[in-house]
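Notes for the structure review
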There are 2 protein chains.
Amino acid sequence: MKKHFAWLTAAGILTACSQGGPLQVSSPDGKLLVNFNIEEGGAPAYSASFDGEEIVATSYLGFQMEKFGALTSGFKMTAHHESEHNETWAPVWGEQDSVVNHYRQLVVEMKKKTDSVDVLLNVEFRVFDEGFAFRYVFPEQKTKQFVIDQELSRFAMTGDHTAWWIPGDYDTQEYEYTRSQLSEIAARHTAALVGNVSASAFDQWAVQTSLMMKTGDEKPLYLNIHEAALIDYPAMHLLYNDSSCTFTSALTPDGNGHMAVIDTPFSTPWRVVMVSDKATDILSTQIIYNLNESCVLDDTSWIHPTKYMGVWWEMITGKSDWSYTNAHDFDLATFDYSKARPHGRHGATTDNVKRYIDFAAANGFDQLLVEGWNVGWEDWLGREKDYVFDFVTPYPDFDIKALNDYAHSKGIKLMMHHETSGSIPNYERHMEAAYSLMNEYGYDAVKSGYVGNILPKGSYHYGQPQIRHYLDAIRRAADHKIMVNAHEAVRPTGLARTYPNLVGNESAMGTEYRNMTPGHVTILPFTRLKGGPMDFTPGIFEMDLGKFSPDKTHKRATVAGQLALYVTMYSPLQMAADLPEHYAEKMDAFQFIKDVPVDWSKSHYLDAEPGEFIVAARRAKGGDDWYVGGVTNDEARDVTVSMSFLKPGVTYQATFYTDAPDADCDSNSGAYEISKETVTSRTVSTIHMARGGGFAISIVPVK
Amino acid sequence: MKKHFAWLTAAGILTACSQGGPLQVSSPDGKLLVNFNIEEGGAPAYSASFDGEEIVATSYLGFQMEKFGALTSGFKMTAHHESEHNETWAPVWGEQDSVVNHYRQLVVEMKKKTDSVDVLLNVEFRVFDEGFAFRYVFPEQKTKQFVIDQELSRFAMTGDHTAWWIPGDYDTQEYEYTRSQLSEIAARHTAALVGNVSASAFDQWAVQTSLMMKTGDEKPLYLNIHEAALIDYPAMHLLYNDSSCTFTSALTPDGNGHMAVIDTPFSTPWRVVMVSDKATDILSTQIIYNLNESCVLDDTSWIHPTKYMGVWWEMITGKSDWSYTNAHDFDLATFDYSKARPHGRHGATTDNVKRYIDFAAANGFDQLLVEGWNVGWEDWLGREKDYVFDFVTPYPDFDIKALNDYAHSKGIKLMMHHETSGSIPNYERHMEAAYSLMNEYGYDAVKSGYVGNILPKGSYHYGQPQIRHYLDAIRRAADHKIMVNAHEAVRPTGLARTYPNLVGNESAMGTEYRNMTPGHVTILPFTRLKGGPMDFTPGIFEMDLGKFSPDKTHKRATVAGQLALYVTMYSPLQMAADLPEHYAEKMDAFQFIKDVPVDWSKSHYLDAEPGEFIVAARRAKGGDDWYVGGVTNDEARDVTVSMSFLKPGVTYQATFYTDAPDADCDSNSGAYEISKETVTSRTVSTIHMARGGGFAISIVPVK
């Protein structure tokens, strides 16, 4: 067997008294090398190179502990183990119907003598072709619990890279991305902050993961740091030190003054560095999912990709409201809605919901989300009110039984909505009743929300207790055969592999930010989407919001660009977010939304540059249809699409949904063209994208 | 109607510009007077007198707020309202079958102009014959939420009273009482602290409520400060200032750095001062229950007083163990108990539980508690482990179905046990499944426990989030028709009136402290029991624990004194805590435990002195039987019991269970005598109580 481990080199012979190292482990293709060594003073460190070029310089590892102080030196290696793993697994839903998980692993066991006790700490490395990851494992040992003051994982960059980053924040991920050199993070930090009801930025050098970077103009290299399998542990930020070009991990505190409390044995989440010389590899890698455990649900037959509409955009734009009455600041337990005067702007009325059901059912949607159906919305925002919702009582003008029956009679389901307003203890108290109500009426998916400061006051969205809550909500939903789409919860880290009923998250700036810059959608697939699908809520057809609502924003997008998002932003849960009446005006363009699948057997990223453009092609799961999408930032551009991904020898009918030549996200956002062409695997098309625009193509074999 | 309010005197005429006051409100019998005034600078204050003697000197009221700073001055009275209330209500269970709730009320409305906004704050006083109470009400106002840094309610004592106190502590109430002058609190504080796994004493001048005091040797007066209706708010301690003889309220922080976060409108718990010239009045007053809301449960038919035995004392004494195996520090989610080697000391085995069922059923008990039935006890104590229990998985040697079936076939139920180890988030996650399991197998009562530090780490047992949890657990139990007996939860404050499925609490030092001083049981009814019943777990017959267990303690009590506790320590939930084999040796004495009811139509406290002795007589609910109990501290004494409470003209057969003449809690604890006599309402008996002893009498009409 020894020859199988030629990729691992022990440069020195280990003896009982050596501190250990250096050790090296390579990717299966041999291009990516990770070195581990216990440096002078017993300080564990790693470095990495890709294709002969150093990508991470010597970077130290360790922790600051409440009891033991710095666990960053004084270690000795006691053992190391190497192995190679190659498996193929089939996701319940995904960008592709099978995923290869091929990596080489190095496990290093270390010991540190302290005054009181020996501390055991292992580091595990996994090296894939498209990146590497490491995590800490605290094996069973005398110390049963560690209180972590800080994790001190370093990522020493080899230069002042270009980065697309959002500010480190304990409470929100809903920021625009800033493109800057790493050295400019602090200077650009204040400008990068935008108002958010629960923003808790904490350091001008702090950024969030996944952090997309690029270096080397002539021979570009793309790097991305994220984490995988965030379980029972706070979310990690990265703190940049400009003088050493080094990131250090920065955990999210729990509000009680601790970063993390862990019981041994314990494994931290994986710290992941993705790397490639092709930007499209960063888009296509499944490394984050691969670093998560296999699915633990015995039965996944009830989990299904879902295309949905929603009684939502009309509230977001202010055309209607979630609430029922102008009364507010009351005790939900005693307030009598039956005696309250309705303000007349309630969106989730029985009649209005029926109108949506009719349209959604007539156009082949699976579900209809209804927000504002339940009592409590009068006090929901910014009030930090413990008992803000009960999740089971409908407003007087929402007939929950009749509407579900009506939806079911038309072949679709209603989608549940649980806004918690950050009052997590209250949600936990009501969760079982809330899920049971869903079972009673036939809901099988819930959009949950965590807007506003987390309760108890002083807690954060990404602290350890809250991370536990989000996963518990997913696990308990699975017990009820309920799919979860959690908004404002922590950024995903691939947990949907293990719990595929986690079909979506928000955890980034989505369409609800009506004035986002066009380039945002050209960054998200490089960053936010690496951990899991986003409920981005695309499909806005009427960009001039003032035409139908009090919101005077003109959304910076084009109709064709909105269609593209159903392909470029992979998600098993896709919304058509605009109002039925706006789709009714453009049924020819709406046809793409009706046609586009939400589950795929194969995906190809044809071309991309972060922050500039993305072109992707995907084949429908269980079908021969292909769908192509392209998006650009606020620069118009032409892209060339080679259809070589098509099956050779087959003729396809392609429908192109493109920006009109004079389309523009600001001045002419509604100008699109639809054309049909016959194409084959030899076809090469040049397609124009307007400023803030894009295109979509559906490609169906000619029978 | 005006004449009805002659008891309220406005000494000055209120005008628009006056700050308001003084106002006075009296008790229905006119003996207790409470004065309210807005003092110079707009500082609200009250004082009180009883029978012409001042009992509380001028005491200021208010708060320290995060945003507004001190809300203790600058107030103007805007209105005041007076009313008188007299109702009689019937408790679901209790010391008496009907309770009179008669008080006069004064509501003062105040306003304080601040730079930003007017703050509205009301104070409500209720004056009963046996004490008075006040609470703060934050009415609906512009400020929707207040963050309270501290409540500043003062209780200015009129002298250096004698007090029976336990140290202020955020995490435990399980202390012995210290008898001292108020001025000696700090000096005695260190000695008053005993080891406790989660003790968080915070100030050498801090004590807990209920605080029993006595003043005036020739004309003694008994005072007691407690709180009532603790809902959505942290528990209150009292901080003594020796130079001003004044207590100030001291709330329990939430661990996130706040005392309380309240939404307006909001009412604080009541701050209660009980007063009488008779110690027995302090024992009999129902003022705490009266200050709570009426029962909110529509159906209470499933709530029943319960006499039970338990697989418990054998674990407490170390004869057996809660755990199953010596393996420990494992992940409960993955540990395979079926492959673990049992250590052979597990108490809750199917065979052992059957033995208890047989004995309990044969002797007329209602239920049998079984602790240690469920997986996780290997890691339960002091580990602060989040996922410590799942509350649903039995140990391999506990056949949950067979044992419940067996118990039911014998006419008794098993009692559930949910130890949380302080891991409240974990309990909340599993609560619904845990209660559902109880419904499935026919359990209708749960003993819950909160041993150890509260999670998330840094939280306290008595902080606002935890107070919410305890009540939520009671409410959700009611949804499942489950009675709750919560140990280590916050001290009760009369909530059982509103939620009568709260049938018991521990919240003080109980029998599990095998070496407690004998006088403890002569204080508890004056203090801990004022808020609600205690699961004290009396009935120990074998005081020499070393005879049957590794515990070498000799319990300082006598058999007759243990019997007395079933009368002196009122609870609708009473345990016979000793082992079946010890009862089998003394079946004549055990007869009293079999006979004594756990629900009453009438109760008389015949004589008492805090810390010295208590004699109580109670009539069985729905019966003509009477039961008398007497306990003493570590002094032997003779008491005279006049049976004038009996129905005149009826002859009764009385069975006396008394300490033998040579009995002694240390040297001869098992020496008791049983005698039968005929008695009438004219009978007066002199009864001897040994050191640390007591007596019990059952009195049955001769048919």
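Residues numbered from 1 in each chain as written. Chains lettered and ligands numbered in written order. Predicted model: local features only at pLDDT ≥ 70, side-chain atom pairs only at ≥ 80, totals over all residues. Heavy atoms only, no water.

**Points about the overall build of chain A**
Defined as follows: To qualify as a helix, a DSSP run of H or I must reach at least 4 residues; to qualify as a strand, a run of E must reach at least 2; elements of each kind are numbered from the N terminus. The globule rule used for comparison is 2.2 Å times the number of residues to the exponent 0.38, while the radius of gyration itself is calculated over C-alpha atoms. Accessibility here uses a 1.4 Å probe with only protein chains present; expressed as a share of the type maximum, an area under 20% marks a residue as buried, one over 50% as exposed, and anything in between as partly exposed. Working rule for contacts: check all heavy atoms of both residues, and any pair within 4.5 Å makes them a contact. Per-residue and other accessible areas follow the Shrake-Rupley method at a 1.4 Å probe size, with only the shown protein chains counted as cover for residues. Positive charges come from Lys and Arg alone, negative charges from Asp and Glu alone, with His and the N- and C-terminal ends not counted. Taken as the charge location is NZ of Lys, CZ of Arg, CG of Asp or CD of Glu.
For chain A, the count of helices and strands is 11 helices and 38 strands. The globule rule puts the C-alpha radius of gyration for 703 residues at 27 Å, and the 26 Å found for chain A is close to it. Principal-axis analysis of the C-alpha atoms places the extent of chain A at approximately 80 × 65 × 50 Å. Counting the 703 residues in chain A, one finds 65% classified as buried. Considering only contacts within chain A whose residues lie at least 6 apart along the sequence, 71% involve residues at least 24 apart. If you sum the accessible surface of chain A, you get close to 23,200 Å²; carbon and sulfur atoms cover 48% of it. In chain A, which carries 60 positive and 91 negative side-chain charges, the distance between the mean positions of the two groups comes to 3 Å.

**Observations regarding the packing of aromatic side chains**
All names here are of chain A. Rules: Geometry of aromatic contacts follows a simple scheme: Phe, Tyr and Trp rings, the Trp one being its six-membered ring, pair when their centres are within 6.5 Å, and the pair is stacked under 30 degrees between planes, edge-to-face over 60, tilted otherwise. A ring is considered to have a charge above it if a Lys NZ or an Arg CZ atom is located within 6 Å of its centre and within 35 degrees of its normal.
Going through the model one piece at a time under the given rule, you end up with 86 aromatic pairs over all chains. Here a set of aromatic residues connected by ring pairs shows up, and it is made of Phe 36, Tyr 46, Phe 63, Phe 68, Phe 125, Phe 132, Phe 134, Tyr 136, Phe 138, Phe 146 and Phe 155. Between Arg 497 and the ring centre of Trp 89, over which it is positioned, the NZ or CZ distance is 4.1 Å.

**A word on the environment of Ala90(A)**
Residue and element names in this part refer to chain A. Residue placement: Ala 90 occurs in the loop between β8 (75-89) and β9 (99-113). The class for Ala 90 is exposed, based on a relative accessible area of 60%. Counting along the chain gives 169 residues from Ala 90 to Met 259, while the straight-line C-alpha distance between them is 36 Å. The contacts of Ala 90, once residues within four sequence positions are left out, are Asp 97 and Ser 98.

**As for empty space enclosed by the protein**
In this approach, a probe sized like a water molecule rolls over the atoms, and the result shows the empty space that is left. Where we set the bar: Only protein atoms enter the 1 Å grid, on which a cavity is a set of points fitting a 1.4 Å probe that cannot get out and a pocket is an open set with protein on both sides within 12 Å along at least 5 of 7 lines, lining residues being those with an atom within 4 Å of a point. Grid points are joined across faces, edges and corners, and a volume is the space filled by probe spheres set on the points.
Counted by the stated rule, this structure contains 16 cavities of 30 Å³ or more. The space that makes up the largest cavity amounts to roughly 320 Å³. In terms of lining residues, the largest cavity is bounded by 24 residues, among which Pro425(A), Pro456(A), Pro425(B), Glu428(B) and Pro456(B) are the most central.

**Re the environment of Met483(A)**
All names here are of chain A. Take Met 483: it is sitting in strand β28 (residues 483-487). Judged by relative accessible area, which is 1%, Met 483 ranks as buried. Through-space distance from the C-alpha of Met 483 to that of Phe 656 is 33 Å; in sequence the pair is 173 residues apart. Among residues more than four places away in sequence, those in contact with Met 483 are Trp 302, Ile 303, His 304, Thr 306, Asp 444, Ala 445, Val 446, Asn 501 and Val 503.

**Quick look at the relation of the copies chain A and chain B**
As a reminder, the rule being used: Each copy is superposed on the other by least squares, with the fit set by C-alpha atoms of residues at a pLDDT of at least 70 in both.
With an RMSD of 0.0 Å, the operation that places chain A on chain B is a rotation of 180 degrees combined with a shift of 0.1 Å along the axis. Both copies are brought into coincidence by an operation consistent with a two-fold rotation axis. Every residue of chain A has its C-alpha some distance from the rotation axis, and the shortest such distance is that of Asn256(A), at 2.3 Å. Most of the interface of chain A is mirrored in chain B, where 100% of its interface residues again form contacts.

**Regarding helix α1 (residues 185-192) of chain A**
Residue and element names in this part refer to chain A. Put simply, the rule reads: Note: the arc covers the axis-to-C-beta directions of the helix.
Listed in full, the buried residues belonging to α1 are Ile 185, Ala 186, His 189 and Ala 192. Along the axis of α1, the buried positions cluster into a sector of 105 degrees, meaning they face one direction only. Pointing more than 90 degrees away from the buried face of α1 are the exposed residues Ala 187, Thr 190 and Ala 191. Buried residues along α1 sit against β14 (162-165), β15 (178-181), β16 (206-208) and β19 (236-241).

**Quick word on the packing of helix α7 (residues 424-441) of chain B against helix α8 (residues 464-479) of chain B**
Residue and element names in this part refer to chain B. Counted only if it meets this: Throughout, an axis means a line fitted to C-alpha atoms (over the contacting stretch in the case of helices), and angles, computed between N-to-C directions, take values from 0 to 180 degrees. Working definition: roughly parallel below 35 degrees, roughly antiparallel above 145 degrees, roughly perpendicular at 65 to 115 degrees, and oblique for all remaining angles.
Running from amino to carboxyl end, α7 crosses α8 at an angle of 5 degrees, the nearest separation of the two axes being 11 Å. Compared by their axis directions, α7 and α8 come out roughly parallel. Note on element contacts: α8 touches α7 through Gln 466, His 469, Tyr 470, Ala 473, Arg 476 and Ala 477, opposite Ile 424, Tyr 427, Glu 428, Met 431, Glu 432 and Tyr 435.

**Comments concerning the sheet that holds strand β31 (residues 600-609) of chain B**
All names here are of chain B. Heads up, the rule is: Strand pairing is assigned whenever DSSP detects at least two bridges linking the two strands.
Across the sheet, which stays open at both edges, the 6 strands sit in the order β31-β32-β33-β38-β35-β36 with antiparallel pairing between neighbours. The open sheet has two edge strands, β31 and β36 (672-679), and neither has a second partner. Strand-to-strand, the axes of this sheet are offset by a mean angle of 15 degrees, without reference to chain direction. Relative to strand β32 (residues 613-620), β31 runs antiparallel, the two sharing 8 bridges. Bridge pairing links Ser 603 to Arg 618 in β32. On the sheet, helix α9 (residues 559-568) packs against β31, β32, β33 (626-632), β35 (652-659), β36 and β38 (694-701) and is oriented at approximately 120 degrees with respect to β33. Sheet contacts for helix α11 (residues 587-595): β33, β35, β36 and β38; angle to β35, the most-contacted strand, approximately 120 degrees.

**Observations regarding the interface of chain A and chain B**
Rule in force here: Throughout, the accessible surface (probe 1.4 Å) given up by two parts as they are put together, summed over both, is called the buried area. Salt bridges are defined as contacts in which a side-chain nitrogen from Lys or Arg sits within 4 Å of a carboxyl oxygen from Asp or Glu. Pairs of N or O atoms within 3.5 Å make up the polar contacts considered here, provided that, within protein, one atom can donate a hydrogen while the other can accept it, and that residues adjacent in sequence are counted only when both atoms are side-chain atoms. Each residue receives one of three labels: charged for Asp, Glu, Lys and Arg, nonpolar for Ala, Val, Leu, Ile, Met, Phe, Trp, Tyr, Cys and Pro, and polar for the others, Gly being one of them.
Facing 30 residues of chain A, the contacting portion of chain B comprises 30 residues. The contact between chain A and chain B buries some 2,700 Å² in all, and 48% of this surface belongs to carbon and sulfur atoms. Sorting the residues of chain A by area buried against chain B places Asn256(A), Arg429(A) and Lys457(A) first, and these three jointly supply 25% of that buried surface. The interface formed by chain A and chain B holds 6 salt bridges in total. Its salt-bridge partner being Asp386(B), residue Arg468(A) comes within 3.4 Å of it at the nearest N-O pair. For the pair chain A and chain B, the interface holds 21 residue pairs in polar contact (both at pLDDT 80 or more). For the side of chain A that touches chain B, the secondary-structure elements that each account for two or more residues are β12 (145-151), β21 (260-263), α7 (424-441) and α8 (464-479) of chain A. By residue number, the principal contributor to the side of chain A that touches chain B is α8(A), which donates 4 residues. For the side of chain A that touches chain B, the class distribution of residues is 5 nonpolar, 8 polar and 17 charged.

**Notes on the confidence of the model for chain A**
Residue and element names in this part refer to chain A. Selection rule: pLDDT measures how confident the predictor is about each residue, on a scale from 0 to 100.
For chain A, the mean per-residue pLDDT works out to 95, and 96% of the residues sit at or above 70. Counting interchain partners and residues more than four positions distant, the pLDDT-below-50 stretch residues 1-18 has 32 contacts. Overall fold confidence (pTM) sits at 0.86, and the ipTM for the predicted complex is 0.74.

**Observations concerning the side chain of Gln208(A)**
All names here are of chain A. Mapped onto the elements of the fold, Gln 208 is located in strand β16. Accessibility expressed as a relative area gives 1% for Gln 208, which makes it buried. At a separation of 2.9 Å, a polar atom in the side chain of Gln 208 contacts the main-chain carbonyl oxygen of Thr 172. The residues touching Gln 208, leaving out its near neighbours within four places in the chain, are Ile 166, Pro 167, Gly 168, Asp 169, Thr 172, Gln 173, Tyr 175, His 237 and Arg 491.

**Considering the domain arrangement of chain A**
All names here are of chain A. We count it as follows: Those domain boundaries reflect an automatic or database domain assignment.
For chain A, the domain assignment lists domain 1 (3-290) and domain 2 (306-598). Summarising the inter-unit geometry, the C-alpha centres of domain 1 and domain 2 are found 34 Å apart. Counting residues at the interface gives 55 residues for domain 1 and 50 residues for domain 2. A combined buried area of about 4,200 Å² lies between domain 1 and domain 2, and 57% of that area is made up of carbon and sulfur atoms. It is Trp 93, Gln 173 and Glu 174 that lose the most area in domain 1 upon contact with domain 2, and together they represent 19% of the buried surface on that side.

**Here we look at unusual backbone geometry**
Note: most peptide bonds trans; most residues except glycine with negative phi. Residue and element names in this part refer to chain A. The amide bond that connects Thr 209 to the next residue, Ser 210, takes the cis arrangement and shows omega of -5 degrees. Secondary-structure assignment places Ser 210 in the loop between β16 and β17 (211-215). In this structure, the amide linkage connecting Leu 455 to the following residue, Pro 456, adopts the cis form with an omega of -5 degrees. Along the chain, Pro 456 turns up in the loop between β27 (445-449) and α8.

**What to know about the UniProt feature "domain: Glycosyl-hydrolase 97 catalytic" (unreviewed entry) in chain A**
Heads up, the condition is: UniProt positions are given in the numbering used here, feature names are shortened, and annotations may be inferred rather than shown by experiment.
The sites that carry the UniProt feature "domain: Glycosyl-hydrolase 97 catalytic" (unreviewed entry) are, in the present numbering, residues 312-508 of chain A. Secondary structure content for residues 312-508 of chain A is 31% helix and 13% strand, and the end C-alpha separation is 18 Å.

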